[in-house]
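Summary of structural features
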Amino acid sequence: MLERLLFPKAALPASPRKMPDFAYIRRELQRNGVNKKLLWTEYLEECRLSGEMPLMYSQFCYYIQQDEQKRRATMHIDRKPGEQVEVDWAGDPAYITDPDTGEATKAFVFVGVLSYSQYPYVEAFLNEQQAAWITAHVHMYEYFGGVAKLLVPDNCATAVDHSGDWSDPRINAVYHEMAEHYGCAIIPARVRAPKDKPNVEGSVGKISTWITAALRNEQFFSLPELNEAIREKLYDFAHKPFQKREGSRYSVFREEEQPLLNPLPLHPYELAEWKQATVQFNYHIAIDSMYYSVPFEYIKRKVDVRVTDTVVEIFYKNTRIASHRRLRGRKGQYSTITEHMPTDHQQYLEWNGDRFRKWSAQIGPNTGAVVHAILSSQRVEQQSYRSCMALLKLTEKYSEPRLEAACKLALSYTASPSYKNIKDILASGRDKTLADEAHTAEQNPHAMTRGADYYRR
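Note that this is a predicted model, so its numbers are computed, not measured. (Residues numbered from 1 in each chain as written. Predicted model: local features only at pLDDT ≥ 70, side-chain atom pairs only at ≥ 80, totals over all residues. Heavy atoms only, no water.)

**Concerning the overall build of the protein**
Put simply, the rule is: By the criteria applied, helices consist of DSSP H or I runs no shorter than four residues and strands consist of E runs no shorter than two, each listed in order from the N terminus. For every residue, the accessible area obtained with a 1.4 Å probe (protein chains only) is divided by the maximum for its type, and the residue is called buried under 20%, exposed over 50%, and partly exposed between those limits.
What the protein contains, in helices and strands, is 18 helices and 15 strands. Taken over 457 residues, the protein has a buried fraction of 36%.

**Observations regarding the packing of helix H11 (residues 353-363) against helix H13 (residues 385-392)**
We apply this condition: Here the axes come from fitting lines to C-alpha atoms, over the contacting stretch only for helices, and the angles between their N-to-C directions go from 0 to 180 degrees. Oblique is the label for any angle not covered by the other classes, which are roughly parallel (under 35 degrees), roughly antiparallel (over 145) and roughly perpendicular (65 to 115). Note: crossing handedness is left-handed where the near helix turns anticlockwise from the far helix by less than a right angle, and right-handed where it turns clockwise. Note on contacts: a residue pair qualifies if any of its non-hydrogen atoms lie within 4.5 Å across the two residues. Each residue gets one label: Ala, Val, Leu, Ile, Met, Phe, Trp, Tyr, Cys and Pro are nonpolar, Asp, Glu, Lys and Arg are charged, and the others, such as Gly, are polar.
Across the interface, H11 lies against H13 with an axial gap of 11 Å and an inter-helix angle of 25°. Between H11 and H13, the interaxial angle falls into the category roughly parallel. The handedness of the crossing between H11 and H13 comes out as left-handed. Residues Gly353, Phe356, Trp359, Ser360 and Ile363 of H11 form the contact with H13, whose own contacting residues are Tyr385, Cys388, Met389 and Leu392. Considering only residue class, the contact of H11 with H13 consists of 7 nonpolar, 2 polar and no charged.

**Some points on the nonpolar core**
This is how the line gets drawn: Throughout, nonpolar core names a set of buried Ala, Val, Leu, Ile, Met, Phe, Trp, Tyr and Cys residues whose side chains join them through atoms within 4.5 Å.
By size, the foremost hydrophobic cluster in this structure holds 31 residues, and its most contacted members are Phe110, Tyr141, Phe144 and Leu151. Secondary-structure elements contributing two or more residues to this core are strand S1 (84-89), strand S3 (104-114), strand S4 (120-125), helix H5 (130-144) and helix H6 (173-182). The element best represented in this core is H5, accounting for 8 residues. Excluding residues that lie within four positions of it along the chain, Tyr141 makes contacts with Val85, Gly146, Val147, Ala148, Leu151, Met178, Tyr182, Cys184 and Leu264.

**What about the sheet that holds strand S15 (residues 334-335)?**
Let me state the cut-off plainly: Pairing between strands is defined by DSSP: at least two bridges between them are needed.
Taken in spatial order, the 3 strands of this open sheet run S10-S11-S15, and their pairing is mixed. This sheet does not close on itself; its edge strands, each paired only once, are strand S10 (284-287) and S15.

**Some points on the packing of helix H12 (residues 365-375) against H13**
Where H12 meets H13, the axes come as close as 9 Å, and the angle between the chain directions of the two elements is 160°. With respect to H13, the axis of H12 lies roughly antiparallel. Regarding H12 and H13, the two cross each other, and that crossing is right-handed. Residues Thr367, Val370, Val371, Ile374 and Leu375 of H12 lie in contact with H13, whose contacting residues are Tyr385, Ser387, Cys388, Leu391 and Leu392.

**With respect to unusual backbone geometry**
Positive phi is not limited to glycine here, since Lys300 has a value of about 75°. In this fold, Lys300 is placed in the loop between strand S11 (290-293) and strand S12 (302-307). Unusually for a residue other than glycine, Lys317 sits at a positive phi of about 55°. Assignment of secondary structure puts Lys317 in the loop between strand S13 (311-316) and strand S14 (319-325).

**Remarks on the sheet that holds S14**
Sheet architecture is open: 4 strands sit in the order S9-S12-S13-S14, paired in antiparallel fashion. Two strands in the sheet have a free side with no partner beyond their single neighbour: strand S9 (273-278) and S14. With strand direction ignored, the average angle separating the axes of adjacent strands in the sheet is 25°. Judged from the 4 bridges that link them, S12 and S13 form a sheet pairing that is antiparallel. From the neighbouring strand, Arg306 faces S13, where its bridge partner is Glu313.

**Topic: the environment of Ala406**
Looking at where Ala406 falls in the secondary structure, it is placed in helix H15 (residues 400-413). As a C-alpha pair, Ala406 and Asp431 span 25 residues in sequence and 5.0 Å in three-dimensional space. In contact with Ala406, not counting residues within four places along its chain, are Ile422, Ile425, Leu426 and Asp431.

**Structural notes on the environment of Pro224**
Considering the arrangement of structural elements, one finds Pro224 in helix H8 (residues 223-239). Between the C-alpha atoms of Pro224 and Phe125, which are 99 residues apart in sequence, the distance is 9.6 Å.

**Structural notes on the pattern of salt bridges**
To keep it simple, the criterion reads: Each salt bridge in this description consists of a side-chain nitrogen of Lys or Arg and a carboxyl oxygen of Asp or Glu lying within 4 Å of one another.
A full pass over the atoms with the stated rule returns 12 salt bridges. Its salt-bridge partner being Lys275, residue Asp288 comes within 3.0 Å of it at the nearest N-O pair. One end of the pair, Asp288, is in the loop between S10 and S11; the other, Lys275, is in strand S9, with 13 residues separating them in the sequence. Judged by relative accessible area, which is 43%, Asp288 ranks as partly exposed. One salt bridge connects Arg328 with Asp309, and the closest N-O pair in it is separated by 3.9 Å.

**Here we look at the side chain of Ser293**
Put simply, the test is: Polar contact is the term for a pair of N or O atoms within 3.5 Å; when the atoms are in protein, one must be able to donate a hydrogen and the other to accept it, and sequence-neighboring residues count only if both atoms are side-chain atoms.
With respect to the helices and strands, Ser293 occurs in strand S11. Overall, Ser293 belongs to the buried group, its relative accessible area being 0%. Separated by 3.0 Å, the side chain of Ser293 and the backbone nitrogen of Ile337 make a polar contact.

**Details of the pairing of strand S2 (residues 94-97)**
Summarising the sheet, S2 and S3 pair through 4 bridges and their orientation is antiparallel. Bridge pairing in S3 links Tyr95 to Lys106. Here S2 folds back onto S3 in antiparallel fashion, the turn holding 6 residues, of which Gly102 has a positive phi close to 80°.

Encoded structure:
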């Protein structure tokens with residue numbers, strides 16, 4: 001310092017050489033076949049035409065490098081407590097050993113880190129599919145005991161629908177629905193920009209060392225066993241004191257960040273799957289070989305279906321038009337809401353076995369016996385309602401006495417007559433013959449007995 005005061009150096013004159021256009025060079029270097037040598041040659045030609053002194057090639061490359069370093073400069077962003085959580089899959093998997101075959105299966109490690117306290121959550125899954133991704137978030141929020149306002153994921157397929165336009169990523173529908181449930185906003189990190197989520201990127205490396213690598217010599221025979229070991233290592237990692245900061249991740253989280261997290265919703269998010277279906281002519285849609293009713297006005301319309309473990313919700317143009325409890329067990333079951341049916345179908349639905357028995361008994365005992373036989377002929381009573389209705393409707397074409405007579409005649413043949421037996425008797429008129437013979441017998445009870453006049457002859 002004394003030397004500079006006693007013997008000050010003269011200021012170096014500004015370089016008279018022409019500086020290149022760095023913005024132009026950055027753009028051109030991104031094009032195929034363009035390199036620094038070519039750009040330097042073009043730069044020399046510009047200097048010759050303008051009469052300015054050019055840089056040597058080594059200087060040209062040096063200044064370009066200096067410009068790149070300036071652009072790569074990073075800015076420290078102070079995060080507020082409870083503001084943001086960053087999530088990603090760890091790069092190195094853990095392993096689960098099959099106890100029978102000894103085969104090792106990969107277990108993929110989910111990592112979530114609160115940006116302010118750097119307090120992490122870690123859990124292993126058998127795959128990186130959407131069900132595991134959503135479940136990991138639900139468990140993470142329960143572990144934190146609250147929700148950060150922002151959620152910063154990587155651009156993985158379970159978070160972002162890759163349409164090809166990376167400048168405007170579209171959030172996956174299920175992931176967006178989960179975020180809406182927890183009241184947070186999703187801001188995906190930019191592609192190939194790990195500094196957008198530095199905490200989780202740094203924690204992934206540290207967790208790989210402290211947890212995954214620390215467990216590399218241990219064998220785990222189930223996923224719960226692996227996650228139990230991860231939870232123990234995670235506890236040690238979170239309580240380890242900071243090197244350049246007072247406290248630990250857990251103490252900062254507990255004292256400063258957790259009180260500022262948004263509260264959890266009353267119920268955890270239930271994973272949903274979205275499907276499309278077409279309303280059939282019987283005003284039902286088929287989901288996993290089960291059938292759910294839709295208002296009959298939507299027949300042949302395409303609808304969106306949200307399926308959870310417990311509920312099936314049906315939407316048309318973003319409006320919910322039906323909701324059912326999800327059916328389980330034997331395939332082919334129906335869930336039908338009466339209000340979804342046409343009016344004539346609703347009237348038919350009101351009939352049951354007792355009403356058919358009472359109606360038939362009013363016509364006569366034989367009709368009642370035939371209806372009882374038809375109701376008992378099917379394994380499920382409801383399967384015989386159509387036949388009972390058709391049988392009793394025969395009174396409209398014929399009459400109640402004729403139906404009673406036809407049923408009596410049919411019962412003389414078999415103990416279990418069918419609707420077809422009764423219909424054939426009425427169509428052929430055999431019930432009339434039986435009625436005429438009965439009428440004749442009432443008028444002359446001895447019509448078949450030979451009297452005294454016969455023997456006088």
